[in-house]
Amino acid sequence: MNAQNASRTAVVASLSRAVHTRSDPQVIHADPWGDRLFSAATWHQLYQVARLKNPQLPEAADDAAVRTLVGIGLRRGPAYPNIIVRSRFAEDALQAAAARGVRQYVLLGAGFDSYALRMPSPEVRSVIEIDHPATQAVKRQCIAQAGVGLPEAVHFVAADLSTEDLSAVLNRFLPHPHEPAFFSWLGVTMYLTEEANLQTLRAIASTAAAGSELVFEYVDQRFFDTSRLWTEAEIALRQTLQILGEPWLCGFDPAQLPELLASAGFDLIEDVPDTALVERYDPQGLNGLHPRGMGRLAHVRVNGRGVA
């Protein structure tokens, strides 16, 4: 498996969830699949990336040492808290939607999300993963190499949304287009332009049935304000993104988000900063998570009134 053919941040997110599941004292989101899908070669690739930030690490190490050192690095990474709480928040919202009768789950930019391998909500009857062909091909290869079978309810849709229209993709592959669906869109908006994000929102609102819901992650626009003093965590995050070759491009102003969403065809249900989510899921602070304070999760619903 060559993880370089997939998004590095998607690989990091998957391994971070596994590290959390196996090492943190208070498990917020149980996902042991990250370190089952990737070979030793992937860990060594990430180890060499870590050495770019910390040249004091030895040039070579055995598999066990590499896993330990990469795990420590992931645990200390500035994005680690957000990776954990965003997955929990999205799946909590999905579970609530399923209890109300929603049976379709669509993951936009699914990366190495393991919901399809865990299927924790039996009420969900269709899981549609939409992602870039390169990342999805690696994921399918990893699943096959792990000897894992997928339920018939799981459907992989390879689509490059930079060139393909999401509305057309959903019209082709959403099993029950006239019934509400639940969408998750995590770790993606910050890598797209503002217009690309708005096009995605409009496509969902114009294609999905009224009552469909979406949870998406976004970055507070303040992150891009170069006139203010950056925190150490923000500086570290910028450096990491540059090393990975996947810099952030876009954020949104939380104060303006409700109006923006309304123009795209959504009602805002909840908009929560990462700091509040850590307090919600780990009120005693047992995991020692310190989010950067710039990540947010929005939970919205298609209002059925059309797109402005």
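Because the structure is predicted, anything quoted here is derived from the model rather than measured.

Draft legend 1. Broad picture of unusual backbone geometry. Despite not being glycine, M119 has its phi angle at roughly 45°, a positive value. Tracing the backbone shows M119 in the loop between α6 (115-118) and β2 (126-131).

Draft legend 2. Seen up close, the packing of aromatic side chains. Throughout the structure, instances matching the rule amount to 8 aromatic pairs. Look at F38 and F112: their rings are 4.9 Å apart centre to centre, the planes differ by 65°, and that puts the pair in the edge-to-face class. Of the two residues, F38 is situated in the loop between α2 (34-37) and α3 (40-53) and F112 in the loop between β1 (104-108) and α6; the sequence distance between them amounts to 74 residues. Note on accessibility: F38 and F112 belong to one class, buried. Linked through ring pairs, W185, F216, Y218 and F252 together constitute an aromatic cluster. In this structure, R36 packs its charged tip against the face of W33, placed 4.0 Å from the ring centre.

Draft legend 3. Molecular detail of the side chain of S121. The residue S121 is located in the loop between α6 and β2 in this model. Each residue touching S121, except ones within four places of it in the same chain, is listed here: Q95 and Y115.

Draft legend 4. Structural view of the packing of helix α9 (residues 194-207) against helix α11 (residues 257-264). Two elements in contact, α9 and α11, have axes separated by 9 Å at closest approach and are oriented at 50°. The angle between α9 and α11 places the two elements in the oblique class. For the pair α9 and α11, the contacting residues are L198, L201, R202 and A205 in the first and L260, L261 and A264 in the second. Each residue belonging to the contact of α9 with α11 can be placed in one class, and the counts come to 6 nonpolar, no polar and 1 charged.

Draft legend 5. Broad picture of the pattern of salt bridges. Under the criterion given, the structure shown has 14 salt bridges. The residue R118 makes a salt bridge to E91 at a minimum N-O spacing of 2.6 Å. With a gap of 27 residues between them, R118 in helix α6 and E91 in helix α5 (residues 80-99) connect regions that are remote in the sequence. When the shortest N-O distance is used, the salt bridge between R100 and E213 registers 2.4 Å. Pair noted here: R100 is in the loop between α5 and β1 and E213 is in strand β5 (residues 213-219), with a separation of 113 residues, a long-range link. Overall, the relative accessible area of 51% leaves R100 in the exposed class. Among the charged side chains, a network of salt bridges with common partners joins R100, E213 and R301.

Reading the values: the criteria
Residues numbered from 1 in each chain as written. Predicted model: local features only at pLDDT ≥ 70, side-chain atom pairs only at ≥ 80, totals over all residues. Heavy atoms only, no water. Helix = DSSP H or I, 4+ residues; strand = E, 2+ residues; numbered from the N terminus. Phe/Tyr/Trp six-rings, centres within 6.5 Å; stacked < 30°, edge-to-face > 60°. Buried < 20%, exposed > 50% of the residue type's maximum accessible area, 1.4 Å probe, protein only. Lys NZ or Arg CZ within 6 Å of the ring centre and 35° of its normal. Contact = heavy atoms within 4.5 Å. Axes fitted to C-alpha atoms, helices over the stretch in contact; angles between N-to-C directions. Parallel < 35°, antiparallel > 145°, perpendicular 65-115°, else oblique. Nonpolar A, V, L, I, M, F, W, Y, C, P; charged D, E, K, R; others polar. Salt bridge = Lys/Arg side-chain N within 4 Å of Asp/Glu carboxyl O.

Any link to function would need more than the numbers given here.
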